[in-house]
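# Structural overview for review
Single-letter residue listing:
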Amino acid sequence: MTVRTDPHLALVRPVRPLTPEGCQECLLLGSPWVHLRLCLTCGHVGCCDSSPNRHARGHAAADGHPIVASLEPGEDWRWCFAHEAFV
């Protein structure tokens, strides 16, 4: 995995998951998800690109918060949706 410096890292803040029990939108819709992603700007919890609704990507685009971290146990990585790269 190649990790790169990204100007969007300036948007990263100390956050807590707003909905630690699951994807915020999927919980409202009663929809399933595959994996969870944590927005490192505001704490939004969204579902991954393998999930039917891809809410993490949608949040990144709509709110301008491109950096997410995996919220899966045992995973420790961050992704920038704007650059499609690990950061």
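Think of each chain on its own: its residues are numbered from 1, step by step along the sequence as written. At least 70 in pLDDT is required for a residue's local features to be given in this predicted model, at least 80 for side-chain atom pairs to be given and counted, and no such filter applies to totals for whole chains, interfaces and linings, which use all residues. Water and hydrogen atoms were dropped before computing side-chain values, which therefore reflect all heavy atoms in the structure.

### Here's the deal with the pattern of salt bridges
Threshold: We count a salt bridge whenever a side-chain nitrogen from Lys or Arg sits within 4 Å of a carboxyl oxygen from Asp or Glu. Helix and strand definitions here come from DSSP, where helices need a minimum of 4 consecutive H or I residues and strands a minimum of 2 consecutive E residues; each element is numbered from the N-terminal end.
Taken as a whole and judged by the stated rule, the model has three salt bridges. With a closest N to O distance of 2.8 Å, R57 and E84 form a salt bridge. Taken as a pair, R57 in helix 2 (residues 55-63) and E84 in the loop between strand 4 (78-80) and strand 5 (85-86) lie far apart in primary sequence, 27 residues in all. The network of salt bridges with shared partners includes D49, R54, R57 and E84.

### Some words on the pairing of strand 1 (residues 36-39)
So the rule is basically this: The buried label goes to any residue with under 20% of its type's maximum accessible area, the exposed label to any with over 50%, and the partly exposed label to all in between, with areas taken from a 1.4 Å probe on protein chains only. Each pair of strands is called paired provided DSSP finds at least two bridges between the two strands.
Burial along strand 1 is two-sided: L36 and L38 and R37 and C39, pointing in opposite directions, are all buried. Two elements, strand 1 and strand 2 (residues 45-47), share three bridges in a ladder whose sense is antiparallel. Across the sheet, the residue bridging to L38 is V45, located in strand 2. Connecting strand 1 to the antiparallel partner strand 2 that follows it, the hairpin turn spans five residues, and G43 within it adopts a positive phi of roughly 95°. In this sheet, strand 3 (residues 67-70) lies alongside strand 1 in antiparallel orientation, the contact comprising three bridges. Paired with L38 across the bridge in strand 3 is A69.

### Focus: the sheet that holds strand 3
Formally: The criterion used for residue contact is that any of the two residues' heavy atoms lie within 4.5 Å. Lines fitted to the C-alpha atoms define the axes, with helices restricted to the stretch that makes contact. Angles between their N-to-C directions range from 0 to 180 degrees.
One open sheet holds the five strands; their spatial order is 2-1-3-4-5, and the pairing between them is antiparallel. Each edge of the sheet is formed by a strand with only one pairing partner; in this case those strands are strand 2 and strand 5. Relative to strand 2, helix 2 is tilted by about 125°, and along the sheet it contacts strand 1 and strand 2.

### A few points about the side chain of T19
Heads up, the condition is: In protein, a polar contact means a hydrogen-donor-capable atom and an acceptor-capable atom, both N or O and within 3.5 Å, with residues adjacent in sequence counting only if both atoms are side-chain atoms; elsewhere, any N or O pair within 3.5 Å suffices.
Within the secondary structure, T19 sits in the segment before helix 1 (24-29). Since its relative accessible area comes to 13%, T19 is described here as buried. A distance of 2.8 Å separates a polar side-chain atom of T19 from the backbone oxygen of G22.

### Notes on unusual backbone geometry
Phi angles above zero are rare outside glycine, and R54 is one such case at about 50°. Counting through the fold element by element, R54 comes out in the loop between strand 2 and helix 2. Residue R54 is classed as partly exposed on the basis of its relative accessible area, which comes to 38%. We note that E84 has phi near 50°; this positive angle belongs to a residue other than glycine. Taking the relative accessible area as the measure of exposure, E84 reaches 41% and is therefore partly exposed.

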